[in-house]
Amino acid sequence: TFGDYIISGVADGHGGPAAAYTCKDNIKMIDDIFDPENIEKSIISLFHELHKKCKNLSCNSGCTLTIIMINKNTGEYTCANVGDSHAIHVKCNAFMYITTSHRLEDNAHERSKLKKYVHFLKNDTGKPCGPPRLFPGGLACSRSIGDNDCEYITPEPHIYSDILESEDSIIVCTDGVWDNVKTSEVIKIVRDTNNP
């Protein structure tokens, strides 16, 4: 929490936990760059600054990052993400994803933009297998924080803004949840527990 805002989110590390911990430990940098007249620009700057810090790590650790910044007084929020950790805005009778997947298998635009760097791993017989990956580095996402060994990734986040009503909830989880639990089940739990 800082000023009129609450920041919540998730950083899901890969190649070790260092980048995720770096994001967690440095998220308060937003205080130094925050402009209430341009929240989107402030958040984009934050993602780039966190990326720089992670690129200075002595390892190749990277992470997905999804954050939500909510104005406590107005309910206005901005969601930003890179990678495949997602957020859902849950209303009484509806829900909507407020993030974009940067998995190459999910995102035709990202795949097309980086086409000459996208390849597949090969199995024992030499046939392509698994999801498309960005090389060098072999990351399955086109956007992340850190990842020194992935030359062509970017920390530029997808941005979405809206208003959180008093009965609404926002759910933020890593791909480990979304890949293994049905979205309808997660939403049902949130609605049943009345946890806005």
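In case you missed it, the structure is sitting above this.
Conventions used here
- Going along each chain's sequence as written, the residues are numbered from 1 onward.
- For a predicted model such as this one, the threshold for reporting local features is a pLDDT of at least 70, and the threshold for listing and counting side-chain atom pairs is 80 or more; totals across whole chains, interfaces and linings nevertheless cover every residue.
- Computation of side-chain values covers all heavy atoms of the structure but excludes hydrogens and water.
- Pairs were defined over the aromatic rings of Phe, Tyr and Trp, the Trp ring being its six-membered one, requiring ring centres within 6.5 Å. Orientation was assigned from the angle between planes: stacked under 30 degrees, edge-to-face over 60, tilted for the rest.
- In this scheme, a residue with accessible area under 20% of its type's maximum is buried, one over 50% is exposed, and one in between is partly exposed, where area comes from a 1.4 Å probe on protein chains only.
- The secondary structure listing takes helices from DSSP runs of H or I that are at least 4 residues long and strands from runs of E that are at least 2 residues long, numbered from the N terminus.
- Note on method: axes are straight lines fitted to C-alpha atoms, helices fitted across the in-contact stretch only, with angles between N-to-C directions ranging 0 to 180 degrees.
- Just so you know how the angles are binned, under 35 degrees is roughly parallel, over 145 roughly antiparallel, 65 to 115 roughly perpendicular, and the rest oblique.
- Helix crossings get a hand from a simple test, with the near helix turned counterclockwise from the far one by less than a right angle marking a left-handed crossing and a clockwise turn marking a right-handed one.
- Any two residues whose heavy atoms approach within 4.5 Å are treated as being in contact.

Remarks on the packing of aromatic side chains
The final tally for this structure, using the stated rule, is five aromatic pairs. For the pair Phe-95 and Tyr-97, a centre-to-centre distance of 6.5 Å together with 70° between the ring planes defines the contact as edge-to-face. By relative accessible area, Phe-95 is classed as partly exposed at 43%. Given a relative accessible area of 40%, Tyr-97 falls into the partly exposed group. A centroid spacing of 6.2 Å and a plane angle of 65° characterise the contact between Tyr-97 and Trp-178, whose relative ring orientation is edge-to-face. With Tyr-97 in strand E5 (residues 95-97) and Trp-178 in helix H5 (residues 175-178), this residue pair connects regions lying 81 residues apart in the sequence. Note on Trp-178: relative accessible area 12%, which makes it buried. Connected via pairs of aromatic rings, a cluster forms that spans Phe-95, Tyr-97 and Trp-178.

Here we look at the packing of helix H1 (residues 18-26) against helix H3 (residues 39-55)
At a minimum axis separation of 10 Å, H1 and H3 run at an interaxial angle of 130°. When the axes of H1 and H3 are compared, the pair comes out oblique. When the axes of H1 and H3 are compared, the crossing they make is right-handed. Together, Ala-19, Thr-22, Cys-23 and Asn-26 of H1 and Leu-46, Leu-50, Lys-53 and Cys-54 of H3 make up the contact between the two elements.

Scope: geometric values only; no functional claims are made or implied.
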